[in-house]
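Summary of the model geometry
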There are 2 protein chains.
Amino acid sequence: MTAPRPPIAEKPGSARKAPRSRIQTRNRQIILDAALEVFSTHGFRGATLDQIAAQAGLSKPNLLYYFDSKDAIHQELLTRLLHTWLDPLRILDAQGDPQTEIMAYMRRKLQMSQDFPRESRLFANEILQGAPRMESFIRNDLRALVDEKARHLQAWADAGRIARIDPYHLIFSIWALTQHYADFAPQISMIRGEGHDPTDGAEVFLEHLYTRLLAP
Amino acid sequence: MTAPRPPIAEKPGSARKAPRSRIQTRNRQIILDAALEVFSTHGFRGATLDQIAAQAGLSKPNLLYYFDSKDAIHQELLTRLLHTWLDPLRILDAQGDPQTEIMAYMRRKLQMSQDFPRESRLFANEILQGAPRMESFIRNDLRALVDEKARHLQAWADAGRIARIDPYHLIFSIWALTQHYADFAPQISMIRGEGHDPTDGAEVFLEHLYTRLLAP
DNA sequence: AAGCTTCTTGACTGAATGGTCAAACTTGAT
DNA sequence: ATCAAGTTTGACCATTCAGTCAAGAAGCTT
């Protein structure tokens, strides 16, 4: 019944690894940057293509020349984000010194909150929505990594090298404390006065906190 | 030019303190409950009246019989939320025992995360959007309260009754840690397995943490 | 400069959205 | 039972939204 349709030249945004021209690389990046801004503040459903187009300084049809759909832009952002999201924890070394390692992990996460607040908000927005687009990532990749690192933390606690605390809650506490400085930055600014950087004093405080928490 | 328009009977949703029938009280509550569910997961712009109407089991025009607009529903939710949001901190007593007071504050906040996760997510969503609808609340009410309590904490620290830590970051840490269990509950569930309550073990962990952090 | 490809956009479409309205249905006081 | 007030909704409207398309503009290669 269905007539065999002739092969159609793929749009550059499409799946296949099409070689990308300078213009494509540049404009895709501009679009992703604009989309990150909009998605991270309004969530997926609250963001509009017109808004992203305006932010990017491109026309809406032009966005859809580079990406197949609103969904595709969002998906690309998430993919790129999740690819690097695990890195700070992955680096945590079971062979290293417990306090140094955990402290360094905390510092890496805090640094990410300072350097990539929009990515942090994008992630937060997804979780608030129930994480429908990240479920498999969290259930598989993230969970496996956390389980592994939690075993190391537990081993350190058992060996008396750090205090006897629940390793999962230790990890959650680092996520909570560091991401708070990115996700709740407006609140912090309004309370502390617009003068400060929201993270002013955070590193000192968190070092103090984890030094005391971890001491065996 | 404009003809003087006759006084119009106000809709029940309108501003003035109209006396409310049983049906009104009941349906307004049903609507607010449904709206809280929807707004807290999708944010203001991502939520639709149809979705709220479906959740409430009412027709869309019926929603707008009880509230003037989508905005009015959201505003009412925020007003109710902010009215009670400060209470746990307000109770903190400068005359009491420092450790007991701070610990009790942390426990009250954690309890609120368990009891009112949707309210917590609504708040988080607003902050992620830059807090446009809560700016004056944060800049005035919240800031004044935090400043006041921070002075008490500072006095305690100066008197050597708790450790010398930045009082603002101490408060932020309590917000971050307790709200994380509400706002990031899906992530926690997916990592720990659906069996647990996300807040399992949280109280013990946080008590341990603040005991060690606060000790002079 | 010619000719081909890549890029850009104005004008459009169908569906969704916030909101209106008049007519119909309930409720409660008499 | 009656009637006015309170409540509910189907049909509708203007706007916004994601996405399409054909035609034109800009790059690239020769």
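Residues numbered from 1 in each chain as written. Chains lettered and ligands numbered in written order. Predicted model: local features only at pLDDT ≥ 70, side-chain atom pairs only at ≥ 80, totals over all residues. Heavy atoms only, no water.

Surveying the vicinity of DNA strand C reveals 18 residues, the closest of which are S21(A), Q24(A), Y66(A), L49(B) and K70(B). The contact in question runs from a phosphate oxygen of DNA strand C to an N or O atom on the side chain of S59(A), over 3.2 Å. Looking at the surface near DNA strand C, the elements with two or more residues in it are α1 (22–46) and α3 (60–66) of chain A together with α3 (60–66) of chain B. With 4 residues, the top contributor of residues to the surface near DNA strand C is α3(A). Residue composition of the surface near DNA strand C, grouped by class: 8 nonpolar, 7 polar and 3 charged. (Near = heavy atom within 4 Å. Polar contact = N/O pair within 3.5 Å; in protein donor to acceptor, adjacent residues only side chain to side chain. Helix = DSSP H or I, 4+ residues; strand = E, 2+ residues; numbered from the N terminus. Nonpolar A, V, L, I, M, F, W, Y, C, P; charged D, E, K, R; others polar.)

We now examine the relation of the copies chain B and chain A. Between the two copies, chain B and chain A, the superposition gives an RMSD of 0.0 Å; the rotation angle is 180° and the shift along the axis is 0.0 Å. This pairing of chains is accounted for by a two-fold axis. No C-alpha of chain B lies nearer the rotation axis than that of G46(B), which sits 2.0 Å from it. Interface residue correspondence from chain B to chain A reaches 100%, placing this contact among same-surface, isologous pairings. (Least-squares fit on C-alpha atoms with pLDDT ≥ 70 in both. Contact = heavy atoms within 4.5 Å.)

With that settled, the discussion passes to the protein's contact with DNA strand D. With respect to spatial proximity, 19 residues lie near DNA strand D, and among them L49(A), K70(A), S21(B), Q24(B) and Y66(B) are the closest. Sugar and phosphate atoms form 63% of the subset of DNA strand D atoms that lie within 4 Å of the protein. Interatomic distance of 2.7 Å between a backbone N/O atom of K70(A) and a phosphate oxygen of DNA strand D. A distance of 3.2 Å is found between a phosphate oxygen of DNA strand D and a side-chain nitrogen or oxygen belonging to S59(B). At the level of elements, α2 (49–56) and α3 of chain A together with α1 (22–46) and α3 of chain B are the ones that each hand at least two residues to the surface near DNA strand D. Looking at the surface near DNA strand D, the element that brings in the most residues is α3(B), giving 4 residues. By residue class, the composition of the surface near DNA strand D is 8 nonpolar, 7 polar and 4 charged.

Overall, the coordinates contain 30 salt bridges over all chains when judged by the stated rule. In this structure, a network of salt bridges that share partners links the residues D33(A), E37(A) and R118(A). (Salt bridge = Lys/Arg side-chain N within 4 Å of Asp/Glu carboxyl O.)

A separate point is the confidence of the model for chain A. Residue and element names in this part refer to chain A. Averaged over every residue, the pLDDT of chain A is 92; residues scoring 70 or more account for 91%. The low-confidence segment residues 1–11, where pLDDT is below 50, has 4 contacts with residues more than four positions distant or belonging to other chains. Segment residues 13–17 is flagged for pLDDT under 50; beyond a separation of four residues in sequence, or across chains, it makes 7 contacts in the model. (pLDDT = per-residue confidence, 0-100.)

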